[in-house]
Amino acid sequence: MKLLYFAWLKTKTGRSEEDVTPPEGVATVGALLDWLEGRGPEFADALSDRGAIRVAVNQSYAKPADPVGPNDEVALFPPVTGG
Amino acid sequence: MAVRVQAEDFDVGQELAALTRGNHAIGGLAVFVGLVRDLAGGSEISAMTLEHYPAMTEKMLAEIEAEAQARWPLEASLVIHRYGRLEPGDQIVMVAAASAHRQAAFEACEFLMDWLKTKAPFWKLEETEEGAQWVDARDSDDTAAARWVKKDPDAAE
């Protein structure tokens, strides 16, 4: 699974992208965030306010219950501020 | 019917001329141009950098434009959004909608901007005297976007 981080999620986690292999039980967006949060203090800090995190799976907005799989591109970012 | 994401500046006059050229069914053309301000939340801004998620940006903008096309009888539409480092006074975004009559053009133009601001994956990093800061999303932008959801509940997110 490919993960991408944007804006302050990139700053806080210290990475812009990475390939990860979450445990088998991690099959939804919500479960993925739970697993990521446990990876270290920088992730716990970055993901502490779930209301401030938006997730896109394969370039489309996703909700916590939506599925994620090994071949997906999952992006984590704050609410958008373009325009 | 076009969407462009680019670092370069754009010429509004040229873009509008190209958009409407040869189409005499167009009776109304509405355009919005967003510029970089030099003030935000009381802090002076020397520049800002727009980050985006390239693979998703064009896809979202195309979806937003398709939604506008489905809701209003548009003859032409255009969305241009810049990324990279911009300074006060620079153009950031341009949205144009053309239709036979003004109401569809005005409404579609507003809709395009409201949805773009809450859905297109861009993030502003402002350079101020206190250092660089990521801009927080505004509730007022969500409110502005939400009023279009009522018109067509099936089209919401």
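Residues numbered from 1 in each chain as written. Chains lettered and ligands numbered in written order. Predicted model: local features only at pLDDT ≥ 70, side-chain atom pairs only at ≥ 80, totals over all residues.

Draft legend 1. Representation of the overall build of chain B in the model. Per the secondary structure count, chain B includes 4 helices and 9 strands. When the helices and strands of chain B are placed in sequence order, the string is β-α-β-β-β-α-β-β-β-α-β-β-α. For the C-alpha atoms alone, the extent of chain B along its principal axes is close to 50 × 35 × 30 Å. The buried share of chain B, reckoned over its 157 residues, is 34%. At a minimum sequence separation of 6, the contacts of chain B that also span at least 24 residues come to 76%. (Helix = DSSP H or I, 4+ residues; strand = E, 2+ residues; numbered from the N terminus. Buried ≥ 20, exposed ≤ 12 C-beta atoms within 10 Å, placed from the backbone. Contact = placed C-beta atoms within 7 Å.)

Draft legend 2. Region of the structure containing helix α2 (residues 29-37) of chain A. All names here are of chain A. Restricting attention to buried positions, one finds in α2 the residues Val29, Leu32 and Leu36. Around the axis of α2, the buried residues are gathered within 60° of arc, so they sit on the same side. In this structure, the buried residues of α2 make contact with α3 (41-46), β3 (54-57), β4 (60-62) and β5 (73-77). (Arc of directions from axis to C-beta.)

Draft legend 3. Focus on the interface of chain B and chain A. The partner chain A presents 15 residues to the 23 residues of chain B that form the contact. Listing elements by their share of the side of chain B that touches chain A, those giving two or more residues are β4 (43-52), α2 (54-71), α3 (102-119) and β8 (122-128) of chain B. Counting residues per element, the side of chain B that touches chain A draws most heavily on α3 of chain B, at 5 residues. When grouped by side-chain class, the residues that make up the side of chain B that touches chain A number 14 nonpolar, 3 polar and 6 charged. (Nonpolar A, V, L, I, M, F, W, Y, C, P; charged D, E, K, R; others polar.)

Draft legend 4. Highlighting the pairing of β5 of chain A. Residue and element names in this part refer to chain A. Extensive coverage of β5 is indicated by the burial of 4 of its 5 residues. As paired strands, strand β1 (residues 2-5) and β5 are joined by 4 bridges and run parallel to one another. Residue pairing across strands places Lys2 opposite Glu73, the latter belonging to β5. In this structure, β3 lies alongside β5, joined through 4 bridges in antiparallel fashion. Bridge pairing links Val55 to Leu76 in β5. (Pairing = 2+ DSSP bridges.)

Draft legend 5. Spatial organisation of the packing of α2 of chain B against α3 of chain B. Residue and element names in this part refer to chain B. α3 packs onto α2 with a crossing angle of 150° between their chain directions and a minimal axis gap of 10 Å. As far as their axial angle goes, α3 and α2 are roughly antiparallel. The interaxial crossing formed by α2 with α3 has right-handed handedness. Where α2 approaches α3, its residues Met60, Leu61, Ile64, Glu65 and Ala68 are matched on the opposing element by Ala108, Phe111, Leu112, Trp115, Leu116 and Lys119. (Axes fitted to C-alpha atoms, helices over the stretch in contact; angles between N-to-C directions. Parallel < 35°, antiparallel > 145°, perpendicular 65-115°, else oblique. Left-handed = near helix turned anticlockwise from the far one by under 90°.)

Draft legend 6. Broad picture of the sheet that holds strand β1 (residues 2-6) of chain B. Residue and element names in this part refer to chain B. Taking strand neighbours across the sheet as the criterion, the 4 strands line up as β1-β5-β7-β2 in an open arrangement whose pairing is mixed. Sheet topology places β1 and β2 (28-35) at the edges, where each strand pairs with a single neighbour. If you compare each strand with its neighbour and ignore which way they point, the axes differ by 10° on average. With respect to the sheet, helix α1 (residues 12-20) is in contact with β2, β5 (74-82) and β7 (91-99), its orientation differing from that of β7 by roughly 25°. Sitting on the sheet, α2 touches β1, β5 and β7, and the angle it makes with β5 is about 155°.

Just distances and angles here, no functional claims.
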